[in-house]
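# Secondary and tertiary structure notes
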Amino acid sequence: MNTTPEPPPREPEDALDQILRQELRWEVTPQLAAQLLALVPGAPVLALSAQARPKSWYSLLVLVLTAVAIGFSLAVTWQIYRLVGDELGLGAMLAQIQAAPAVGLQRLYDALPISRQVVGLLVVVRNQLHWLLLAVVLWIALDGWQPRRLAQHTTS
């Protein structure tokens, strides 16, 4: 006896289901299949036909035109967002957000005068940690640390 429940019967396919099923099926090119099989040890080697590559001037032209199109679309989008931001008053809101920490600190200083020394101490600690982080990064960079050598030592 089979105790697994049977799946519910499928509804008849509509046009969208048929289009999606046809578009979501991928055909693997022989070159991709060969590259994937080359990653597997002991897999059979497929003979590839020499595939023509586009000329370098054509690739460069496509690259330049793509960069121009992306730059143009970013410029247009920036202008639209700037106009919408000006209409909604986002500039004044951004200025208030930038001034909020200073206002908050001033209120804290007014409410608790000792907080001025605590904040000053935190700033000094932050600056020292910044220099310590910089020294560690420089030490690692100048010491010639190599992640591959480290990975080999840990696996041995």
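Just so you know, these numbers come straight off a predicted model, no measurement behind them.

### Focus on the overall build of the chain
Each helix and strand counted, the chain has 6 helices and 0 strands in total. Burial status across the chain gives 3% buried among its 156 residues. Working note: accessible area of the chain is about 15,200 Å², and carbon and sulfur atoms make up 68% of it.

### Thoughts on the packing of aromatic side chains
Summed over the entire model, instances satisfying the criterion amount to 1 aromatic pair. A ring pair is formed by Trp57 and Tyr58, whose centres lie 6.0 Å apart and whose planes are at 85°; its orientation type is edge-to-face. A residue is classified by how much of its surface remains accessible, and Trp57, at 54% relative accessible area, is exposed. Classification of Tyr58 as partly exposed rests on a relative accessible area of 42%.

### A few points about the pattern of salt bridges
Applying the stated criterion across every chain, the model contains 1 salt bridge. Arg82 is the partner of Asp86 in a salt bridge, and the nearest nitrogen-oxygen pair spans 3.7 Å. Note that Asp86 and Arg82 are positioned in helix H3 (residues 56-88) at a spacing of 4 residues, about one turn of the helix.

### Some points on helix H5 (residues 115-143)
Taking 1.5 Å as the rise per residue, H5 with 29 residues should run 42 Å; its terminal C-alpha atoms sit 41 Å apart, in good agreement. Two residues or fewer past H5, Gly144 is found with a positive phi of approximately 80°.

### Details of the packing of helix H4 (residues 90-111) against H5
Close contact between H4 and H5 brings their axes to 8 Å; oriented N to C, the two are set at 130°. Between H4 and H5, the angle falls in the class oblique. Residues Leu105, Gln106, Leu108 and Tyr109 of H4 lie in contact with H5, whose contacting residues are Ser115, Arg116 and Val119. Residues of the contact of H4 with H5, tallied by class, amount to 4 nonpolar, 2 polar and 1 charged.

### A word on the confidence of the model for the chain
Overall, the predicted model of the chain reaches an average pLDDT of 83, with 79% of residues at or above 70. Per-element confidence in the chain is highest for H3, whose mean pLDDT is 95, and lowest for helix H6 (residues 147-155), whose mean pLDDT is 56.

### So, the environment of Leu105
Considering the arrangement of structural elements, one finds Leu105 in helix H4. What makes Leu105 partly exposed here is its relative accessible area of 33%.

### Quick word on a nonpolar patch on the surface
On the surface, Phe72, Val76, Ile80, Val84, Leu88, Leu90, Met93, Leu94 and Ile97 cluster together to form a nonpolar patch covering roughly 870 Å² of accessible area. Secondary structure elements with two or more residues in the nonpolar patch: H3 and H4. The biggest single contributor to the nonpolar patch is H3, with 5 residues. In this fold, Val76 is placed in helix H3.

### Things to note about H4
Spanning 22 residues, H4 covers 31 Å between terminal C-alpha atoms, matching the ideal 32 Å at 1.5 Å per step. The sharpest bend along H4 comes to roughly 40°, located at Ala100, with the proline Pro101 sitting one to four residues further on.

### Points about the side chain of Ser115
Topologically, Ser115 is positioned in helix H5. Judged by its relative accessible area of 8%, Ser115 falls in the buried class.

What counts and what doesn't
- Residues numbered from 1 in each chain as written.
- Predicted model: local features only at pLDDT ≥ 70, side-chain atom pairs only at ≥ 80, totals over all residues.
- Heavy atoms only, no water.
- Helix = DSSP H or I, 4+ residues; strand = E, 2+ residues; numbered from the N terminus.
- Buried < 20%, exposed > 50% of the residue type's maximum accessible area, 1.4 Å probe, protein only.
- Areas by Shrake-Rupley, 256 points an atom, 1.4 Å probe, with all protein chains shown as cover.
- Phe/Tyr/Trp six-rings, centres within 6.5 Å; stacked < 30°, edge-to-face > 60°.
- Salt bridge = Lys/Arg side-chain N within 4 Å of Asp/Glu carboxyl O.
- Expected span 1.5 Å × (residues − 1).
- Axes fitted to C-alpha atoms, helices over the stretch in contact; angles between N-to-C directions.
- Parallel < 35°, antiparallel > 145°, perpendicular 65-115°, else oblique.
- Contact = heavy atoms within 4.5 Å.
- Nonpolar A, V, L, I, M, F, W, Y, C, P; charged D, E, K, R; others polar.
- pLDDT = per-residue confidence, 0-100.
- Patch = residues over 30% accessible without salt bridge, like charges linked within 9 Å, V, L, I, M, F, W, Y side chains within 5 Å.
- Bend = angle between axes of the 7 residues up to and from the residue.

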